[in-house]
2 protein chains.
Amino acid sequence: MVSSISSLDRTDIAILRVLQAEGRISNVELSDRVHLSPPATLARVRRLEEEGYISGYAAMLNREKLGHDNLALIEIALELHQYERITEVLDQLVAMPEVLECYHVTGEYDYMIKVSTVNNRALDHFIAKRLIPLPGIARIHTSIVLKALKQTTELDLPEP
Amino acid sequence: MVSSISSLDRTDIAILRVLQAEGRISNVELSDRVHLSPPATLARVRRLEEEGYISGYAAMLNREKLGHDNLALIEIALELHQYERITEVLDQLVAMPEVLECYHVTGEYDYMIKVSTVNNRALDHFIAKRLIPLPGIARIHTSIVLKALKQTTELDLPEP
DNA sequence: GTTGAAATATATGACGT
DNA sequence: ACGTCATATATTTCAAC
């Protein structure tokens, strides 16, 4: 996709900055922050949603309080197969609820996934019973997260 | 932190599941989804927020449409120093807006960061002018994300 | 926990600029 | 494209059960 940021003005960027940090802020409060009337602010938010700049809203949960004590980053190397076989495997992989992120990456391995589970035992089960059995998995390398120092979805938005 | 999930019932989990996917859903709609009255639902949401199960709400933005064409996963090995020096470096690292995530990990490297920039040139600038100059950086290894196949913050919440 | 009612705040639409 | 005003909805609080 080509960047469409040039069609956004300073106020749009200001709105996105606020909503990234406070997704449930009221429209009145948001309009105050960006120095615009509530209707004008709401119209911009709707436009940003409809045009896909905002893909959705999410409650950010506390993983540890919710029993997810284990986070792992797993690199995956695939055997060379025909394209359709690979996309099949990837479809299965991204459908797994333990897999929060999946990236095709450069380097020694082909894919990197972020996996959140309740504990080491559940991670072991995920790797042994769900990941390894996928066809075409050549090699994996697991890094356990000992501590998360920063976790944000807030992008550093450029000025228009 | 020890898990506190045992103090949550089926309805709390249902609320969290909905809010993870639709963070800006109205209380009335949410109450309908979890088969509870609006006042009871709102009281639960407030409790989940106050007790820290919900850490906040965020608008999820479309990185590419907003000009962020480059995502990289960078492994970092630190030189062995006294603890205070390391925390200083980490404080600087997590304060950088390009760094979306930072994890202390097991393995050959010590830390893994996820970095979002507008393009390769900005990533190069980040690495050369901001990351490498930090004191105590022994070695880094960069993986460029060629494609993001899945990116979610939705945890697979266990049944109570 | 529910229901229902009332006060407040918010979102939405019409209109004028 | 924005602001103001008016209306429609939603939210919040309270009371009674």
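Residues numbered from 1 in each chain as written. Chains lettered and ligands numbered in written order. Predicted model: local features only at pLDDT ≥ 70, side-chain atom pairs only at ≥ 80, totals over all residues. Heavy atoms only, no water.

What follows covers the overall build of chain A. Check the secondary structure of chain A and you find 5 helices and 5 strands. For chain A, the N- to C-terminal ordering of α and β elements is α-α-α-β-β-α-β-β-α-β. Relative to a compact globule of 160 residues, whose C-alpha radius of gyration would be 15 Å, chain A shows 20 Å and is clearly more extended. Its C-alpha atoms give chain A principal-axis dimensions of roughly 55 × 40 × 25 Å. Looking at chain A residue by residue over its 160 residues, the buried ones come to 46%. Sequence-distant contacts in chain A: of pairs separated by 6 or more residues, those separated by 24 or more amount to 66%. Here chain A displays about 7800 Å² of accessible surface, and carbon together with sulfur accounts for 51% of that area. Distance between charge centres in chain A, computed from 17 positive and 23 negative side chains, equals 5 Å. (Helix = DSSP H or I, 4+ residues; strand = E, 2+ residues; numbered from the N terminus. Rg over C-alpha atoms; globule rule 2.2 N^0.38 Å. Buried < 20%, exposed > 50% of the residue type's maximum accessible area, 1.4 Å probe, protein only. Contact = heavy atoms within 4.5 Å. Areas by Shrake-Rupley, 256 points an atom, 1.4 Å probe, with all protein chains shown as cover. Lys, Arg positive; Asp, Glu negative; His and termini not counted. Charge placed at Lys NZ, Arg CZ, Asp CG, Glu CD.)

This brings us to the domain arrangement of chain A. Taken as a whole, chain A is organised into domain 1 (8-50) and domain 2 (70-144). Domain 1 of chain A and domain 2 of chain A are separated by 38 Å when their C-alpha centres are compared. (Domains from an automatic or database assignment.)

For DNA strand C, the full set of nearby residues is A:S26, A:N27, A:V28, A:P39, A:L42, A:R46, B:L36, B:S37, B:P39, B:A40 and B:R44. Of all atoms in DNA strand C that approach within 4 Å of the protein, 90% are sugar or phosphate atoms. At 2.6 Å, a side-chain N or O of B:S37 approaches a phosphate oxygen of DNA strand C. Contact distances for DNA strand C include 3.0 Å between a phosphate oxygen and a side-chain N or O atom of B:R44. Broken down by secondary-structure element, the contributors of at least two residues to the surface near DNA strand C are helix 2 (27-33) and helix 3 (38-50) of chain A together with helix 3 (38-50) of chain B. Each residue belonging to the surface near DNA strand C can be placed in one class, and the counts come to 6 nonpolar, 3 polar and 2 charged. (Near = heavy atom within 4 Å. Polar contact = N/O pair within 3.5 Å; in protein donor to acceptor, adjacent residues only side chain to side chain. Nonpolar A, V, L, I, M, F, W, Y, C, P; charged D, E, K, R; others polar.)

A word on the packing of aromatic side chains. One pass over the structure, following the stated rule, counts 0 aromatic pairs over all chains. A cation sits over an aromatic face here: B:K65 above A:Y53, 4.6 Å from the ring centre. (Phe/Tyr/Trp six-rings, centres within 6.5 Å; stacked < 30°, edge-to-face > 60°. Lys NZ or Arg CZ within 6 Å of the ring centre and 35° of its normal.)

Attention now goes to the protein's contact with DNA strand D. Around DNA strand D, the neighbouring residues are A:L36, A:S37, A:P39, A:A40, A:R44, B:S26, B:N27, B:V28, B:L42 and B:R46. Each atom of DNA strand D within 4 Å of the protein belongs either to a base or to sugar and phosphate, the latter forming 80%. In this structure, B:N27 approaches DNA strand D through a main-chain N or O atom, which is 2.7 Å from a phosphate oxygen. At 2.7 Å, a side-chain N or O of B:R46 approaches a phosphate oxygen of DNA strand D. Secondary-structure elements contributing two or more residues to the surface near DNA strand D are helix 3 of chain A together with helix 2 (27-33) and helix 3 of chain B.

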